[in-house]
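Listed below, chain by chain, are the residues.
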Amino acid sequence: MLKGILHFSHQLLEDTVTKGETVIDATCGNGCDTLYISKLVGEHGHVLAFDVQEQAIKNTELLLKENTRKNVTLIHDSHTQILDYLREDTIGGAIFNLGYLPKSDKSIITKGQTTISAVNIILNLLKKGGLIVIVVYHGHEGGRSEKEAILEHVTSLDQKQCNVLRYEFINQKNEPPFILAIQKK
């Protein structure tokens, strides 16, 4: 059975992240990935969850509170500022959901250059065998240019340093999202 985009993104993390690690949610949005990762890393693990929108931080905080999760640090800042908040030398993985915060201002979107910058920072910190999972939503204003920038960047990554996977359903209309997964060798 083929997994949907969100289920497959979680499966990828589940296959590589271990309990006790620090994992980055680079775009916490409404908190679904943050909550999932919080459970995945366990009580002794830690999640750094970033978002530039205050509403995303509030939404995620509420979801975490409802699920009594305490191993998350919510950061109202750009994911390009990871080094300002990270206390570890190595992280177990990361996830991005590109685009905009659902049911909010669609003019506030992720941007190719800042996403690429954060990916590069994370790639340098990522454990051997760790994954950066990027869910690319591109069917919105500005989404196409971000998608093209990200694709150009990840296809240029040195294959001796990492593998890059693209997972998508090609028979769906309306520009469906797809996954890019970068695994450090």
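See the structure shown above.
Residues numbered from 1 in each chain as written. Predicted model: local features only at pLDDT ≥ 70, side-chain atom pairs only at ≥ 80, totals over all residues. Heavy atoms only, no water.

All right, on to the nonpolar core then. Nonpolar side chains in soluble globular proteins tend to be buried together. Within the largest apolar cluster, 30 residues are counted, with the highest numbers of intra-cluster contacts made by Ile24, Phe96, Ile132, Ile134 and Ile182. Residue assignment for this core shows that the elements contributing at least two residues are strand E2 (46-51), strand E4 (91-97), helix H5 (112-125), strand E5 (126-136), helix H6 (143-155) and strand E7 (178-184). Looking at which element gives the most residues to this core, the answer is H5, with seven residues. Contacts of Phe96, omitting those with residues within four sequence positions, involve Ala26, Thr27, His79, Thr115, Ala118, Val119, Ile122, Ile132, Val133, Ile134 and Val135. Residues Ile5, Val72, Val135 and Tyr167 belong to the second largest nonpolar core, which totals 24 residues. (Core = buried A, V, L, I, M, F, W, Y, C linked by side-chain atoms within 4.5 Å. Buried < 20%, exposed > 50% of the residue type's maximum accessible area, 1.4 Å probe, protein only. Helix = DSSP H or I, 4+ residues; strand = E, 2+ residues; numbered from the N terminus. Contact = heavy atoms within 4.5 Å.)

What follows deals with the packing of aromatic side chains. Applying the stated criterion to the full structure yields three aromatic pairs. Taking the centre distance of 5.7 Å and the plane angle of 75 degrees together, the rings of Tyr167 and Phe169 count as edge-to-face. Tyr167 sits in the buried class, given a relative accessible area of 16%. In this arrangement the basic side chain of Arg166 is found over the ring face of Phe178, its NZ or CZ atom lying 4.1 Å from the centre. (Phe/Tyr/Trp six-rings, centres within 6.5 Å; stacked < 30°, edge-to-face > 60°. Lys NZ or Arg CZ within 6 Å of the ring centre and 35° of its normal.)

Right, let's talk about the pattern of salt bridges for a bit. On inspection of all chains with the given rule, the structure shows four salt bridges. In this structure, Glu21 engages Lys127 in a salt bridge whose closest nitrogen and oxygen atoms are separated by 2.8 Å. Taken as a pair, Glu21 in the loop between helix H1 (5-16) and strand E1 (22-25) and Lys127 in strand E5 lie far apart in primary sequence, 106 residues in all. Glu168 is the partner of Arg166 in a salt bridge, and the nearest nitrogen-oxygen pair spans 2.8 Å. Judged by its relative accessible area of 39%, Arg166 is partly exposed. (Salt bridge = Lys/Arg side-chain N within 4 Å of Asp/Glu carboxyl O.)

Turning to the packing of H5 against H6, a few remarks are in order. Put simply, H5 and H6 touch, their axes get as near as 8 Å, and they point 30 degrees apart. What the angle tells us is that H5 and H6 run roughly parallel. Considering only the axes of H5 and H6, their crossing is right-handed. For the pair formed by H5 and H6, the contact residues are Gly112, Thr115, Ile116 and Asn120 on the first element and Glu146, Ala149, Ile150 and His153 on the second. Of the residues that constitute the contact of H5 with H6, the class distribution is three nonpolar, four polar and one charged. (Axes fitted to C-alpha atoms, helices over the stretch in contact; angles between N-to-C directions. Parallel < 35°, antiparallel > 145°, perpendicular 65-115°, else oblique. Left-handed = near helix turned anticlockwise from the far one by under 90°. Nonpolar A, V, L, I, M, F, W, Y, C, P; charged D, E, K, R; others polar.)

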